[in-house]
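# Topology and contacts: notes
Here's the letter readout for the chains.
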Amino acid sequence: MRIGIAGAAGRMGRLLVQAVAGRGDAVLAGGTVRPGGKVGADLGMLAGIGPREIAATDDPAALFQAADAVIDFTHPDALATHLGLAERHGTALVIGTSGLSLEQERAIAETARSVPIVYAANFSAGVALLLALVRRAAETLGPEYDIEIVEMHHRQKIDAPSGTAIAMGRAAAAGRGITLEDNMESGRHGHTGRRRDGAIGFAALRGGQVVGEHTAIFAAATEHLTIGHRSFDRRVYAEGAVRAALWLAGKPAGLYGMEDVLGLR
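Numbering of residues begins from 1 in every chain and follows the order in which that chain's sequence is written. Owing to the predicted nature of the model, reporting of local features is limited to residues with pLDDT of at least 70; listing and counting of side-chain atom pairs is limited to 80 or more, with chain, interface and lining totals taken over all residues. With hydrogens and water excluded, all non-hydrogen atoms of the structure serve as input to the side-chain values.

As a further point, take the packing of helix α1 (residues 11-21) against helix α8 (residues 235-247). Axis definition: a line fit to C-alpha positions, over the contact stretch in the case of helices; interaxial angles, taken between N-to-C directions, run 0 to 180 degrees. Helix and strand assignments come from DSSP, with helices taken as H or I runs of at least 4 residues and strands as E runs of at least 2, each series counted from the N terminus. Two elements in contact, α1 and α8, have axes whose closest approach is 9 Å; the angle formed by their N-to-C orientations is 55°. The angle between α1 and α8 falls in the class oblique. Of the two possible hands of crossing, α1 and α8 adopt the one that is right-handed. Contacts between α1 and α8 involve Met12, Leu15, Leu16, Ala19 and Val20 from the first element and Arg235, Tyr237, Ala238, Glu239, Ala241 and Val242 from the second. Only Asp, Glu, Lys and Arg are considered charged, only Ala, Val, Leu, Ile, Met, Phe, Trp, Tyr, Cys and Pro nonpolar, and every remaining residue, Gly among them, polar. In the contact of α1 with α8, the residues fall into nine nonpolar, no polar and two charged. What sets the label is the angle itself: under 35 degrees gives roughly parallel, over 145 gives roughly antiparallel, 65 to 115 gives roughly perpendicular, and the rest give oblique. What makes a crossing left-handed is the near helix being turned counterclockwise from the far one by less than a right angle; a clockwise turn instead makes it right-handed. For this analysis, residues touch if any pair of their heavy atoms sits within 4.5 Å.

On to the environment of Arg135, then. The topology assignment puts Arg135 in helix α6 (residues 125-140). Sequence separation between Arg135 and Ala21 is 114 residues, and the spatial gap between their C-alpha atoms is 36 Å. The residues touching Arg135, leaving out its near neighbours within four places in the chain, are Ala171, Ala174 and Gly175.

Let us look at the nonpolar core. Residues enter a nonpolar core if they are buried and are Ala, Val, Leu, Ile, Met, Phe, Trp, Tyr or Cys, with the set joined through side-chain atoms within 4.5 Å. In this scheme, a residue with accessible area under 20% of its type's maximum is buried, one over 50% is exposed, and one in between is partly exposed, where area comes from a 1.4 Å probe on protein chains only. Ile3, Ile5, Leu16, Ile71, Val94 and Phe123 are the most contacted members of the largest nonpolar core, which has 37 residues in total. The set of elements that each furnish at least two residues to this core consists of β1 (2-6), α1, α2 (43-46), β3 (69-72), β4 (92-95), α8 and α9 (258-261). Ignoring any residue separated from it by four or fewer positions in sequence, one finds Ile5 in contact with Gly13, Leu16, Val17, Val20, Leu28, Gly30, Gly31, Thr32, Leu63 and Ile71. Ranked by size, the runner-up nonpolar core spans 24 residues in total, among them Val134, Ala138, Ala172 and Ile227.

For this analysis, a salt bridge means a side-chain nitrogen from Lys or Arg found within 4 Å of a carboxyl oxygen belonging to Asp or Glu. Inspection of every chain in the model, using the stated rule, returns 14 salt bridges. Look at the salt bridges and you will find they share partners, linking Asp146, Glu148, Glu185, Arg188, Arg195 and Arg196 into a network.

Two pairing modes exist for strands in a sheet, parallel and antiparallel, and in both the strands are linked by backbone hydrogen bonds. Spatial strand order, β2-β1-β3-β4-β5-β11: six strands in an open sheet with parallel pairing. The sheet is open, and its two borders are formed by β2 (27-31) and β11 (254-256), each paired with just one other strand. On average, each strand axis in the sheet is tilted by 20° relative to the strand beside it, whichever way the strands run. When β1 meets β2, the two strands line up parallel, connected through four bridges. Each bridged residue has a counterpart across the sheet, and for Ile5 the counterpart in β2 is Gly31. Across the sheet, helix α5 (residues 102-111) lies against β4, β5 (116-119) and β11, angled at about 150° from β5, the strand it touches most. Strand pairing follows a simple DSSP-based rule, namely that at least 2 bridges must link the two strands.

Excluding glycine, residues mostly have negative phi values, and the peptide bonds linking residues are mostly trans. The residue after Ala160, namely Pro161, is reached through a cis peptide bond having omega -10°. Mapped onto the elements of the fold, Pro161 is located in the loop between β6 (146-153) and α7 (163-176). Phi at Glu53 takes a positive value of approximately 55°, unusual for a residue other than glycine. Residue position: Glu53 is located in the loop between α2 and α3 (60-66). Exposure remark for Glu53: the relative accessible area of 76% places this residue in the exposed category.

All right, on to the sheet that holds strand β7 (residues 184-186) then. If you walk across this open sheet you meet the five strands as β7-β8-β6-β9-β10, and the pairing is mixed. Whereas interior strands pair on both sides, the edge strands pair on one side only; in this sheet they are β7 and β10 (224-231). Adjacent strand axes in the sheet meet at a mean angle of 15°, parallel and antiparallel pairs treated alike. Sheet analysis places β6 next to strand β9 (residues 212-219), joined by seven bridges and oriented antiparallel. Across the sheet, residue Asp146 finds its bridge partner in β9, namely Ala219.

What follows is the structure in structure tokens.
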């Protein structure tokens, strides 16, 4: 499979180039960088793995035309362009961009009617299982168990709560048969009053260079259940995204998640 990397000069982009180059069942189709950035640079040199004789480009249309699948961990502002190009060229798409709005998520679902897309808040196999466990716990435990989700990331992260934390909240809400949007409590400060019944609470911590820590707490008067996950290396996300891209080969148009890739759904 020919896999292209959007944002190949970024932190995740470089790891994705490494992950594709390290496999025997995939080839690097190319990679984009910001206009005026490292255009023309060798993608292998950018990723620290030696020359690959593939130059970085600032032309996303050329990337989507050359690739069977494109992996996008860039910025929400680039999403509309990438969705349009995926649809135009029939290119499968793997989306790991965080901080997307509900409107942007609806646009992903609409485009997935024409091309296969894997969209996930987190591409770790462990997190995919975590989401399934959170949903099961919320479904099994009664309303006397308050649900709180705590996440911590590095100081450079710009969105909060994290996409993975939101995915955990949605999993818990699905287990309870409710919607997260109507029951989310985030950023408590000051005299907030008592905790609202049925709320799903969020706390976001930032500091240092934490790759990612997520914990779901189910708290009753007599016991607490915690379900958590820690990431120690961002390579786990890159390897999962490449796995998702390869899984899309031959798949019909549709919106998929890591639960589908891992056979958990």
